[in-house]
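Survey of secondary and tertiary structure
Here is what each chain is made of, one letter per residue.
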Amino acid sequence: MTTEESGTEQQRPNFLRRWLWHGDYRYLVIPTTYAEEPEPEGESPFGRAPATWKRKWWDWTSGDHSTVFFYIVIGSILSVITLSEYWIFTTDLQQVWVNSSLFALSAIKFFMVVAFFMHLKFDNKWFTYLFGAAFFLAIAIFLSLLALLDKLNG
Amino acid sequence: MAQAAITTENHGVEHHEETSTGLGHRKLLMWSFLGSECMFFGSLIATYLVYRNQSKVGPWPEEIIDVPLTTVSTFVLLMSSLAMVLALNYTQRNRPNLARFWILMPAALGSGFLGFQAFEFTEFFHEGLTPRINLFGTTFFVLTGFHGAHVTLGVIWLLVMSGTITPKGMGAVSLLATLLAFYLGMVGVLGMVDVIPDIEGSPSVIIFIVGVASTVIAGVWHFSMKTTMSVKHQAENLEITGLYWHFVDIVWIVIFTVVYLVSAGDGPHLAEGLLNG
């Protein structure tokens, strides 16, 4: 990396280093090829859209509290997932596929509400650790009860 | 010493509450409480699943569970969560008039959800499903009943919070009038769907129309009174209320999947198979 690229002040290299140093703008300058240049911004089949949306998502989801528009987007996604659950329920797929899809969608809704509406994504990480620990304990109790009561019922 | 993210406002001067952990104590308490609630509802859901298809007599879930109706009530509860987070957002931005409006929305939608639940319980009762009739009835009513009790507590809490961000005097009077009118309309709805009997001389549809009309009039009166009062100091209280309300929502997300969508096809054919096998 050159001094200009790194953006930091460096000491002027000695003669030997300048003469032998590969890639420096000195005596043995090897022209930079296109392969070595960074990707031009927005050079993708979708133009600058992915980078723009990534930046917008960052703007929406960072900070102490997010925007009204962001919450409406999350609410709309939750509504669409609920409708999808009903649609899956009415299909004639095999029960195992229906149930696993329903549980997956339910988990997505659960974590979206916890992360965005309950602000765990924006809040202090210790709240996430606290709730996460309690949640896993709840899952452990849930599984233990399933196993225990199932055994008692024969 | 670390500073908590919470602030209190006293005579217009904002200062930070200092805590040894750097976390707001009341918020920490609420998260701990919600963690214990996870275990509580986890146990109830596990019990429901263990006794699923173990009933020896009907009514069976396939005969009585109304998934389209419950999908609508689930949507109502989800939208109440959205309204809650908007109320908090406007409170944090110190927009009192918008906050006053949005804090009432989750209370209204939560009341609507309770109306759906009252209707469903009444229908089930008419179909012969009671907590004592079979294992499905016992586990179903215990699980959804406890959830309904949590929603009821949440609605009361939200109404109290709406009072704290309402200007005193005529603002409080108009808020009370709006709430009474709204619940009059709800009484009319419950009467129309036969959850409660008609009041003699006043059919439910009349009560409903009077309730809706007076809600609109009182609501317009209430929200036409603009205020410049600061509501930012209530942000942490409202956030704690919101945490509870969203938790009620996520519990229902799981109940909707486990009890309604997955179990809706349960019937005697499955129960007999399990009992004989």
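Please read these numbers as outputs of a predicted model, since none were measured by experiment.

**Considering the overall build of chain B**
Looking only at helices and strands, one finds nine helices and two strands in chain B. What you see in chain B, going N to C, is helices and strands ordered as β-β-α-α-α-α-α-α-α-α-α. Along the longest, intermediate and shortest principal axes, the C-alpha atoms of chain B span 70 × 60 × 25 Å. Expressed as a percentage of the 277 residues in chain B, the buried residues total 42%. For chain B, long-range pairs separated by at least 24 residues make up 76% of all intrachain contacts whose partners lie at least 6 apart in sequence.

**Things to note about the overall build of chain A**
A count of helical and extended segments in chain A gives six helices and zero strands. Counted from the first residue to the last, chain A has its helices and strands arranged as α-α-α-α-α-α. Within chain A, buried positions represent 14% of all 154 residues. Taking the contacts inside chain A whose residues are at least 6 apart along the sequence as the reference set, 28% of them involve residues at least 24 apart.

**Section: the interface of chain A and chain B**
Between chain A and chain B, the contact holds 37 residues from the first and 38 residues from the second. For the side of chain A that touches chain B, the secondary structure elements donating two or more residues are α4 (68-90), α5 (95-117) and α6 (125-152) of chain A. For the side of chain A that touches chain B, the leading source of residues is α6 of chain A, giving 15 residues. For the side of chain A that touches chain B, a count of residues per class yields 26 nonpolar, eight polar and three charged.

**Structural notes on the nonpolar core**
One finds Ile45, Leu86, Ala87 and Ile103 of chain B to be the most contacted residues of the largest nonpolar core, which totals 79 residues. The element that contributes the greatest number of residues to this core is helix α8 (residues 235-261) of chain B, accounting for 18 residues. Sequence-distant contacts of Leu86 of chain B, defined by excluding residues within four places in its chain, comprise Val68 and Tyr71 of chain A together with Trp102 of chain B.

**Quick look at the packing of helix α4 (residues 96-127) of chain B against helix α5 (residues 135-164) of chain B**
All names here are of chain B. In the contact formed by α4 and α5, the axes pass within 9 Å of each other and the chain directions differ by 155°. It follows from the interaxial angle that α4 and α5 lie roughly antiparallel. Here the hand of the crossing between α4 and α5 comes out left-handed. For the pair formed by α4 and α5, the contact residues are Ile103, Leu104, Pro106, Ala107, Gly110, Ser111, Phe113, Leu114 and Gln117 on the first element and Thr144, Gly148, Val151, Thr152, Gly154, Val155, Leu158, Leu159, Met161 and Ser162 on the second. Here the contact of α4 with α5 is built from residues that sort into eleven nonpolar, eight polar and no charged.

**A short note on unusual backbone geometry**
Unusually for a residue other than glycine, Asn94 of chain B sits at a positive phi of about 55°. You can see Asn94 of chain B is positioned in the loop between α3 (67-92) and α4.

**Structural notes on the packing of α5 of chain A against α8 of chain B**
In the contact formed by α5 of chain A and α8 of chain B, the axes pass within 9 Å of each other and the chain directions differ by 175°. By the criterion of interaxial angle, the relationship of α5 of chain A to α8 of chain B is roughly antiparallel. Contacts between α5 of chain A and α8 of chain B involve Leu102, Phe103, Ser106, Lys109, Phe110, Val113, Val114 and Phe117 of chain A from the first element and His246, Asp249, Ile250, Ile253, Val254, Thr257 and Leu261 of chain B from the second.

**Things to note about the environment of Leu129 of chain B**
Residues and elements named next belong to chain B. Along the chain, Leu129 falls in the loop between α4 and α5. On a C-alpha basis, the gap between Leu129 and Ile206 in space is 31 Å, while along the polypeptide they are 77 residues apart. Those residues in contact with Leu129 that lie beyond four places of it in its chain are Pro59, Ile64, Phe124 and Gly137.

**As for α3 of chain B**
With 26 residues, α3 of chain B should cover 38 Å at 1.5 Å per step; its first-to-last C-alpha distance of 38 Å lies within 8% of that length. Where α3 of chain B ends, the next residue or the one after it, Asn94 of chain B, has phi of about 55°, a positive value.

**A closer look at the confidence of the model for chain B**
Residues and elements named next belong to chain B. When the pLDDT values of chain B are averaged, the result is 85; 91% of them are 70 or greater. Taking the mean pLDDT of every element in chain B, the minimum, 42, falls on strand β1 (residues 3-10) and the maximum, 94, on α5. Quick note on the complex model: pTM equals 0.80, ipTM equals 0.83.

**Quick look at the environment of Phe116 of chain B**
Residues and elements named next belong to chain B. You can see Phe116 is positioned in helix α4. It is 9.9 Å that separates the C-alpha atoms of Phe116 and Val193, two residues lying 77 residues apart in sequence. Non-local contacts of Phe116, meaning those with residues more than four positions away in its chain, are made with Leu69 and Ser73.

Rules used in this analysis
- Residues numbered from 1 in each chain as written.
- Chains lettered and ligands numbered in written order.
- Predicted model: local features only at pLDDT ≥ 70, side-chain atom pairs only at ≥ 80, totals over all residues.
- Helix = DSSP H or I, 4+ residues; strand = E, 2+ residues; numbered from the N terminus.
- Buried ≥ 20, exposed ≤ 12 C-beta atoms within 10 Å, placed from the backbone.
- Contact = placed C-beta atoms within 7 Å.
- Nonpolar A, V, L, I, M, F, W, Y, C, P; charged D, E, K, R; others polar.
- Core = buried A, V, L, I, M, F, W, Y, C linked by C-beta atoms within 7 Å.
- Axes fitted to C-alpha atoms, helices over the stretch in contact; angles between N-to-C directions.
- Parallel < 35°, antiparallel > 145°, perpendicular 65-115°, else oblique.
- Left-handed = near helix turned anticlockwise from the far one by under 90°.
- Expected span 1.5 Å × (residues − 1).
- pLDDT = per-residue confidence, 0-100.

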